[in-house]
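The chain contents come next:
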Amino acid sequence: MSHKFLGLLGLLVALLMMSPPALAGGGGGLPWEGPLEQIQESITGPVAGAIALAAVAIAGGMLIFGGELNDFARRLVYIVLVAGILLGATQIVGLFGAGGASIGVAERLDAQQARGETAHD
């Protein structure tokens, strides 16, 4: 083997040994994470569940008992129905005992428990 190849191999090994601390940062302080977490909490909260239930009930009632609706009104009712189902999807999935994919929630809960905080602080 040539000395050039061994030098490159040594450099590659040195870079790989230094990379785990650099890659383990997690990227946790991005400016848009706070607002996105607030939106997630708003969409999955009890108020969103009540709004979704009301939207599905009203839209379903309009489709069943609304008589003849023109094309625009029918499409608008369908949009409200789908939006209500999408807002209530997390509660629907929660009824079956399954949870959504939440990245980093376990780490955050462990950190909160270590500080003595509750999950709703």
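Refer to the structure presented above.
About the thresholds
Residues numbered from 1 in each chain as written. Predicted model: local features only at pLDDT ≥ 70, side-chain atom pairs only at ≥ 80, totals over all residues. Heavy atoms only, no water. Helix = DSSP H or I, 4+ residues; strand = E, 2+ residues; numbered from the N terminus. Buried < 20%, exposed > 50% of the residue type's maximum accessible area, 1.4 Å probe, protein only. Contact = heavy atoms within 4.5 Å. Expected span 1.5 Å × (residues − 1). Arc of directions from axis to C-beta. Salt bridge = Lys/Arg side-chain N within 4 Å of Asp/Glu carboxyl O.

(A) View of the overall build of the protein chain. On a plain count of helices and strands, the protein chain comes out with six helices and zero strands. The helix and strand sequence of the protein chain, counted from the amino end, reads α-α-α-α-α-α. Taken over 121 residues, the protein chain has a buried fraction of 10%. Residue pairs in contact within the protein chain that sit at least 24 positions apart in sequence constitute 50% of those at least 6 positions apart.

(B) A look at helix 3 (residues 46-65). With 20 residues, helix 3 extends 28 Å from end C-alpha to end C-alpha; this agrees with the ideal 28 Å at 1.5 Å per step. For helix 3, every residue scored as buried is listed here: Ala48, Gly49, Ala52, Ala55, Ala59 and Gly60. Buried residues along helix 3 cover an arc of 130 degrees about the axis, so they all sit on one side. Opposite the packed face of helix 3, turned more than 90 degrees from it, sit the exposed residues Pro46, Val47, Leu53, Ala57, Ile58, Ile64 and Phe65. Turning to helix 3, the residues buried within the fold contact helix 2 (33-44), helix 4 (71-87) and helix 5 (89-95). Positioned one or two residues after helix 3, Gly67 has a phi angle of 70 degrees, which is positive.

(C) Just the pattern of salt bridges, in detail. Using the criterion set out here, one finds one salt bridge in the structure. The partner of Asp71 in a salt bridge is Arg75, with the nearest N and O atoms 3.2 Å apart. With Asp71 and Arg75 both in helix 4 and four residues apart, this pair spans about one turn of that helix. Across this residue pair, the class does not change: Asp71 and Arg75 are exposed.

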